[in-house]
Amino acid sequence: MQYLTQASIGTEILYSFVIIAISLIIYFGTKELYNLTSHKGIKYFRMAFLFFAIAFFFRSFIKFLILYFDLEIFDFNLQMVGMVSFLIFMYASSMAIFYLLYSVMWKKWTGDKIIIFHILAAIIAVIALLVRSSAIILLIHIILFIFLAIVTLISYYDSKKRRKGQHLHGVYILLFAFWILNIIDLTITNALGTFQILIYLASLSVFLAILYKVIQKAG
Amino acid sequence: MTKRSKLEIVRDILKTVQTNRNSIKVTPLIRKSNLSSARFSEYFNELLTKGFIIERIEKSGKVIVVTEKGFRYLEKYQNIVGFIEEFDL
């Protein structure tokens, strides 16, 4: 049993470490492009991966607490460390997704909308902490996923009309889907069961695909 | 003719200076940039602030010179455009 716990903690740390590393490589690897251009799209894209790094750091910390102390996600909500970590995780993961969405949509939406997303992410984080219900957290994220998927698809068809080319909209939708699976994995014990490793590998593949494109294009 | 993006205009201004042996006076630069004086002024000030160009006093008068950072922009321009297009930013 102890061996299984150690293996699970090891898997979690490795998974989070790789995602954090990929996210930070993307963030710092695109720094020069942003410094040279001050392009808002590049800024939002970079911020998305900074927030992914923050979210996965706190995710791994919460997972460590759950596995090491054999707790349920909402057992440690009353403790300050667990409560703050969960709040930051929910806020940062929502912001990562919102920034990614905004990096594609900022030209089409007039005015700076990012403050609205910060408020929305804060509301989601507070609700998640207050309700302490996996079902409600999941419902909120499924509604968000449907919204994000529709906006991304609309953006995809718009860009297809403008020019032919390979875009990463499909990868973004997969990223949104894995984001929900990560929330499920964190809030419902053993929710992914035997598929956990496969989902982790698929999630890593999505991040690696984005990293590959970044390295290829950013140089 | 399609409207030039901000990135293209910056590239064109820097390229104009570069092709002019990296030394050009303001008046011919305005003419070659295909911008109104007001628009040119906006870009010119931004390029100065960002450190892409500097003004230098020579015997013939004040000239514009592209800095190392400006050359870096020209060098990375294709990457920048490719990156923005790839991620639809």
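Residues numbered from 1 in each chain as written. Chains lettered and ligands numbered in written order. Predicted model: local features only at pLDDT ≥ 70, side-chain atom pairs only at ≥ 80, totals over all residues.

## Notes on the overall build of chain B
Link 1 in the chain: The helix and strand inventory of chain B stands at four helices and two strands.
Link 2 in the chain: Listing the helices and strands of chain B from first to last along the sequence gives α-α-α-β-β-α.
Link 3 in the chain: For chain B, whose C-alpha radius of gyration is 13 Å, the value lies close to the compact-globule estimate of 12 Å for 89 residues.
Link 4 in the chain: For chain B, the spread of C-alpha atoms along the three principal axes comes to 45 × 25 × 20 Å.
Link 5 in the chain: The long-range share in chain B, meaning contacts at least 24 apart out of those at least 6 apart in sequence, stands at 52%. (Helix = DSSP H or I, 4+ residues; strand = E, 2+ residues; numbered from the N terminus. Rg over C-alpha atoms; globule rule 2.2 N^0.38 Å. Contact = placed C-beta atoms within 7 Å.)

## A few points about the interface of chain B and chain A
Link 1 in the chain: On the chain A side, the residues contacting the 14 residues of chain B number 18 residues.
Link 2 in the chain: Counting residues per element, the side of chain B that touches chain A draws most heavily on helix H4 (residues 68-86) of chain B, at 10 residues.
Link 3 in the chain: Looking at the side of chain B that touches chain A residue by residue, the classes come out as seven nonpolar, two polar and five charged. (Nonpolar A, V, L, I, M, F, W, Y, C, P; charged D, E, K, R; others polar.)

## Overview of the confidence of the model for chain A
Link 1 in the chain: The predicted model of chain A averages 85 in pLDDT, with 91% of residues at 70 or higher.
Link 2 in the chain: Ranking the helices and strands of chain A by mean pLDDT puts helix H2 (residues 31-37) of chain A first, with 96, and helix H6 (residues 134-162) of chain A last, with 79. (pLDDT = per-residue confidence, 0-100.)

## A word on the environment of Ile 54 of chain A
Residues and elements named next belong to chain A.
Link 1 in the chain: Here Ile 54 lies in helix H3 (residues 40-69).
Link 2 in the chain: Residue Ile 54 is classed as partly exposed on the basis of its C-beta count, with 19 C-beta atoms lying within 10 Å.
Link 3 in the chain: In this structure the C-alpha to C-alpha distance between Ile 54 and Phe 17, which are 37 residues apart in sequence, comes to 11 Å. (Buried ≥ 20, exposed ≤ 12 C-beta atoms within 10 Å, placed from the backbone.)

## Structural notes on unusual backbone geometry
Residue and element names in this part refer to chain B.
Link 1 in the chain: Positive phi, close to 55°, is recorded for Asn 34, a residue that is not glycine.
Link 2 in the chain: Inspection of the secondary structure puts Asn 34 in the loop between helix H2 (26-33) and helix H3 (37-50).
Link 3 in the chain: Positioned with a positive phi, Asp 88 is a non-glycine residue whose angle comes to about 55°.
Link 4 in the chain: Note that Asp 88 resides in the segment after H4.

## Remarks on the environment of Phe 51 of chain A
Residues and elements named next belong to chain A.
Link 1 in the chain: Of note, Phe 51 is situated in helix H3.
Link 2 in the chain: Separated by 40 residues in the primary sequence, Phe 51 and Tyr 91 have C-alpha atoms spaced 8.9 Å apart.
Link 3 in the chain: Look past the residues within four positions of Phe 51 in its chain and what remains in contact with it is Ala 92, Met 95, Ala 96 and Tyr 99.

## Observations regarding the packing of helix H1 (residues 6-19) of chain B against H2 of chain B
Residue and element names in this part refer to chain B.
Link 1 in the chain: Close contact between H1 and H2 brings their axes to 10 Å; oriented N to C, the two are set at 130°. One element, H1, and the other, H2, form an angle in the oblique class. Handedness of the crossing formed by H1 with H2: right-handed. Contacts between H1 and H2 involve Asp 12, Ile 13, Thr 16 and Val 17 from the former and Leu 29, Lys 32 and Ser 33 from the latter. (Axes fitted to C-alpha atoms, helices over the stretch in contact; angles between N-to-C directions. Parallel < 35°, antiparallel > 145°, perpendicular 65-115°, else oblique. Left-handed = near helix turned anticlockwise from the far one by under 90°.)

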